Amino acid sequence: FYAPKNQIVVRLFYFGAKEIDIDNSFWRDKILKAYELRKNYLIASDTNAYRLLHAEGDSLPGLIVDVYDHTASVQVLHKGVELFYQILIDTLLEIGIKHIYLKTKDNSRRLEQINVPQGWATEPFTEDILITENGLKFWVNVEKGQKTGFFLDQRENRDLLKKYSKDKVVLNAFGYTGG
């Protein structure tokens, strides 16, 4: 993806010597590959919230998708995502996501001229979502929450703190969700 006005002018989504077709199945396969990886390592009976797509980490630059139980919060950071927006929505529904909320930062919309719609791409689910992470319960609001709704990248830190704080009283005065 090429964006001359962005701080990151070029974002790559394929590395390889083999010539490939960039079509709907290319994008769908990337999303499904990421889902299979998460299914094997993150999704468990005691965890139903995870980062499904991590931009460059999944060779999908400019796209972050966090899943909270049955709801996906999608953050579009690059105009190029418009090229496969509908296949993204269709694939998320295919893997069992029931509700999809789209968020794009205002500066990304302006700089990138992103035209992906904001808000619910599916039937709205406006209630807070109760998620489980390593057996702990948290409430998440994808509409009003910061970024995609919850800081999933802090999973290991919360699990570590749980071990150190067992049977202790702890005040978290700085955490966004009390995690």
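What you are looking at is a predicted structure, and each value in this text was computed from that prediction instead of being measured.

Chemist: I tried to follow the pattern of salt bridges on my own but got confused; where do I start?
Modeler: Where charged atoms from two side chains of opposite charge come close, those side chains can pair. Taken as a whole and assessed by the stated rule, the structure comprises 10 salt bridges. Note that Arg 28 is salt-bridged to Glu 94, the shortest N-O span being 2.4 Å. Taken together, the positions of Arg 28 in helix α1 (residues 24–41) and Glu 94 in helix α2 (residues 85–94) put the pair 66 residues apart, joining distant regions of the chain. With its nearest N and O atoms 2.6 Å apart, the salt bridge here joins Asp 66 to Arg 51. Linking Asp 66 in strand β2 (residues 63–68) with Arg 51 in strand β1 (residues 49–54), this pair joins segments that are 15 residues apart in sequence. Residues joined by salt bridges that share partners form a network here, namely Arg 28, Asp 29 and Glu 94.

Chemist: Explain the packing of α1 against α2 here, please?
Modeler: If you want to describe how two helices pack, look at the angle between their axes and the distance between the axes. Packing of α1 against α2 brings their axes to within 10 Å, and their N-to-C directions diverge by 40°. When the axes of α1 and α2 are compared, the pair comes out oblique. You can see that α1 and α2 cross each other, and the crossing is right-handed. Counted together, Asn 24, Trp 27, Arg 28, Ile 31 and Leu 32 of α1 and Ile 87, Leu 88, Thr 91 and Glu 94 of α2 form the full contact between these two elements.

Chemist: Would you mind showing me how to read the sheet that holds strand β4 (residues 99–103) here?
Modeler: By definition, the strands of a sheet pair up through backbone hydrogen bonds, in either a parallel or an antiparallel sense. Overall, mixed pairing links the 5 strands, which are arranged β1-β2-β3-β4-β5 in an open sheet. Looking at which strands have only one partner, the edges of the open sheet turn out to be β1 and β5 (119–120). Two strands pair when backbone bridges link them, and β2 and strand β3 (residues 71–76) are joined in this way by 6 bridges, in the antiparallel orientation. Looking at the pairing, Leu 63 lines up with Val 76 of β3.

Chemist: Help me out: how do you make sense of a nonpolar patch on the surface in this one?
Modeler: A surface patch of nonpolar side chains, amounting to about 550 Å² of accessible area, comprises Tyr 2, Val 9, Val 10, Leu 12 and Phe 15. Mapping Leu 12 onto the fold places it in the segment before α1. On the accessibility criterion, Leu 12 (47% relative accessible area) is partly exposed.

Chemist: Would you mind going over the side chain of Arg 155 with me for this structure?
Modeler: For Arg 155, the position within the fold is in helix α4 (residues 155–164). Of the side chains with opposite charge, Glu 133 lies nearest to the buried Arg 155, which makes no salt bridge, at 4.2 Å. In this structure Arg 155 touches Leu 42, Thr 47, Ala 49, Tyr 50, Glu 133 and Asn 134, once residues within four positions along its chain are discounted.

Chemist: Help me understand the packing of aromatic side chains in this model?
Modeler: Two numbers describe a pair of aromatic rings. These are the distance of the centres and the angle of the planes. By the definition in use, this model includes 8 aromatic pairs. With a centroid separation of 4.0 Å and 10° between ring planes, the pair formed by Trp 27 and Phe 84 is classed as stacked. Here Trp 27, found in helix α1, pairs with Phe 84, found in the loop between β3 and α2; they are 57 residues apart in sequence, far enough to count as distant. Each of the two residues, Trp 27 as well as Phe 84, counts as buried. Taken together, a centroid distance of 5.1 Å and an interplanar angle of 50° make the contact between Phe 138 and Phe 150 tilted. Remark: Phe 150 occurs in the loop between β7 (136–140) and α4 and Phe 138 occurs in strand β7; sequence separation between them is 12 residues. An aromatic cluster is present here, built from Phe 1, Phe 13, Phe 26, Trp 27 and Phe 84 joined pairwise through their rings.

Chemist: Would you explain the confidence of the model for the chain in this entry?
Modeler: Detail in the predicted coordinates should be disregarded across regions flagged by low pLDDT. Per-residue confidence for the chain gives a mean pLDDT of 87, with 97% of residues at or over 70. Per-element averaging of pLDDT across the chain places helix α3 (residues 106–112) at the bottom with 75 and α2 at the top with 96.

Basis of the calculations
Residues numbered from 1 in each chain as written. Predicted model: local features only at pLDDT ≥ 70, side-chain atom pairs only at ≥ 80, totals over all residues. Heavy atoms only, no water. Salt bridge = Lys/Arg side-chain N within 4 Å of Asp/Glu carboxyl O. Helix = DSSP H or I, 4+ residues; strand = E, 2+ residues; numbered from the N terminus. Axes fitted to C-alpha atoms, helices over the stretch in contact; angles between N-to-C directions. Parallel < 35°, antiparallel > 145°, perpendicular 65-115°, else oblique. Left-handed = near helix turned anticlockwise from the far one by under 90°. Contact = heavy atoms within 4.5 Å. Pairing = 2+ DSSP bridges. Patch = residues over 30% accessible without salt bridge, like charges linked within 9 Å, V, L, I, M, F, W, Y side chains within 5 Å. Areas by Shrake-Rupley, 256 points an atom, 1.4 Å probe, with all protein chains shown as cover. Buried < 20%, exposed > 50% of the residue type's maximum accessible area, 1.4 Å probe, protein only. Lys, Arg positive; Asp, Glu negative; His and termini not counted. Phe/Tyr/Trp six-rings, centres within 6.5 Å; stacked < 30°, edge-to-face > 60°. pLDDT = per-residue confidence, 0-100.

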